Amino acid sequence: MKSRLKSTLIYALFFGGIWGITEATLGYLLNLSTIGISGCIMFPIGYCILRKAYKKSNNLSVIFYSSLIAGIIKLVNLFMPISHPVKVINPAFAIVLEGLSVMALVTWSVKKNKEIGFSSALLAGFSWRIIYFLDAVFLFNIGIPSRMISKGPQEYLLKFFIINNLVNAFIIMLIAKAEKKGKILNVSEGAVRPITAVCSLVLAVGVQLLMTYIKTIA
């Protein structure tokens, strides 16, 4: 039991750290785009990382714990000068929701022995989005600002629910097909160890703080 718990923690720290690094770097750069492509790209990347976490650990719960670690990494921004804590908490919450939807998607695929396709990926994307949207509506109605809600239906209905979700599902379908053919970059057996897991976490926290600092002085 202790050995399994230790193994789960090591994999969660390693892959959660990788996702944290990706969110802090690529996510930040994509958010600079004026056409807003971050929502189209980051969820499929998260799926790919979490799917790899499952494949390496053979433990479905590692998917959720990895996303939880990535979300906690995002929360270190609470110690940095920002305009509102919600701008930190909401992205962290979204990461955890994405992790839960990926865990549900992979669990369904494994238990039913079904290949992940466009429709199943679309449903997974919609599931976390509806919870996130309802949370945003609640916060907006109690006076906490939400950029998505304040911009109106074109932002949250057309872009968030339809365009981003359709692109997400298409990319995830391609990733699933590539993985089946063995064309997705693999992680070597010796790569995930206690020392590399800790290094992944520390590096992710450091990169997150650095990128946040850059944003405050830019």
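See the structure printed just above.
As the structure is a prediction and not an experimental result, all values here were calculated from the model.

(A) The arrangement of the overall build of the protein in detail. Check the secondary structure of the protein and you find eight helices and zero strands. Across the protein, helices and strands are ordered from the amino to the carboxyl terminus as α-α-α-α-α-α-α-α. Residues classed as buried in the protein amount to 45% of the 218 residues present. Considering only contacts within the protein whose residues lie at least 6 apart along the sequence, 77% involve residues at least 24 apart.

(B) Local environment of the pattern of salt bridges. Following the criterion strictly, the structure yields three salt bridges and no others. Between Arg51 and Glu179 there is a salt bridge, with the nearest N and O atoms lying 3.0 Å from each other. Residue Arg51 is located in helix 2 (residues 38-57), and its partner Glu179 is located in helix 7 (residues 153-180); the two are separated by 128 residues in the primary sequence. Of the residues examined, Arg51 reaches a relative accessible area of 12% and is grouped as buried. For the salt bridge of Glu115 with Lys177, the shortest nitrogen-to-oxygen distance reads 3.9 Å. With Glu115 in the loop between helix 4 (86-112) and helix 5 (118-141) and Lys177 in helix 7, this pair connects stretches of sequence that are 62 residues apart.

(C) Highlighting the packing of aromatic side chains. Inspection of the entire model under this criterion finds ten aromatic pairs. Ring centres of Phe14 and Phe15 lie 5.0 Å apart, and the angle between their planes is 80°; on these two criteria the pair is classed as edge-to-face. Judged by its relative accessible area of 2%, Phe15 falls in the buried class. Ring geometry for Phe126 against Phe161: centres 5.7 Å apart, planes inclined by 50°, an arrangement best described as tilted. With Phe126 in helix 5 and Phe161 in helix 7, this residue pair connects regions lying 35 residues apart in the sequence. We classify Phe161 as buried; its relative accessible area is 11%. Through a chain of ring-to-ring contacts, three or more aromatic side chains come together here, namely Phe43, Phe126, Trp128, Tyr132, Phe133, Phe160 and Phe161. Above the plane of the ring of Phe160 lies Arg129, whose end atom (NZ or CZ) is 5.2 Å from the centre.

(D) Spotlight on helix 7. Given a rise of 1.5 Å per residue, 28 residues ought to cover 40 Å, and the 38 Å separating the end C-alpha atoms of helix 7 matches this to within 8%. Maximal helix bending in helix 7 amounts to about 40°, located at Lys159. All buried positions along helix 7 are accounted for by Phe160, Phe161, Asn164, Asn165, Asn168, Ala169, Ile172, Met173, Ile175, Ala176, Ala178 and Glu179. In the core, the buried residues of helix 7 are packed alongside helix 2, helix 5 and helix 6 (147-150). In the segment just after helix 7, Gly182 is the residue with positive phi, at about 75°.

(E) Layout of the environment of Lys52. Position of Lys52 relative to the elements: it lies in helix 2. In this structure the C-alpha to C-alpha distance between Lys52 and Asn186, which are 134 residues apart in sequence, comes to 8.0 Å.

The rules behind each value
All residue numbers refer to position in the chain's written sequence, counted from 1. Whole-chain, interface and lining totals are the exception, using all residues; otherwise, since this is a predicted model, local features are given only for residues with pLDDT of at least 70 and side-chain atom pairs are given and counted only at 80 or more. The side-chain figures draw on all heavy atoms in the structure; neither hydrogens nor water molecules are used. To qualify as a helix, a DSSP run of H or I must reach at least 4 residues; to qualify as a strand, a run of E must reach at least 2; elements of each kind are numbered from the N terminus. Exposure categories follow from relative accessible area, calculated using a 1.4 Å probe and restricted to protein chains: below 20% of the type maximum is buried, above 50% is exposed, and the middle band is partly exposed. When checking whether two residues touch, look at their non-hydrogen atoms; a contact exists if any pair is within 4.5 Å. What counts as a salt bridge is simple: a side-chain nitrogen of Lys or Arg found within 4 Å of a carboxyl oxygen of Asp or Glu. The pairing test for Phe, Tyr and Trp rings, Trp by its six-membered ring, is centres within 6.5 Å, and the orientation test on the planes gives stacked under 30 degrees, edge-to-face over 60, and tilted for anything in between. Criterion for a charge above a ring: Lys NZ or Arg CZ within 6 Å of the ring centre, and within 35 degrees of the ring normal. What a helix is expected to span follows from its residue count: subtract one and scale by 1.5 Å. In this scheme, the bend at a residue equals the angle between the axes fitted to the seven residues that finish there and the seven that begin there.

Worth remembering: the numbers are spatial, not functional.
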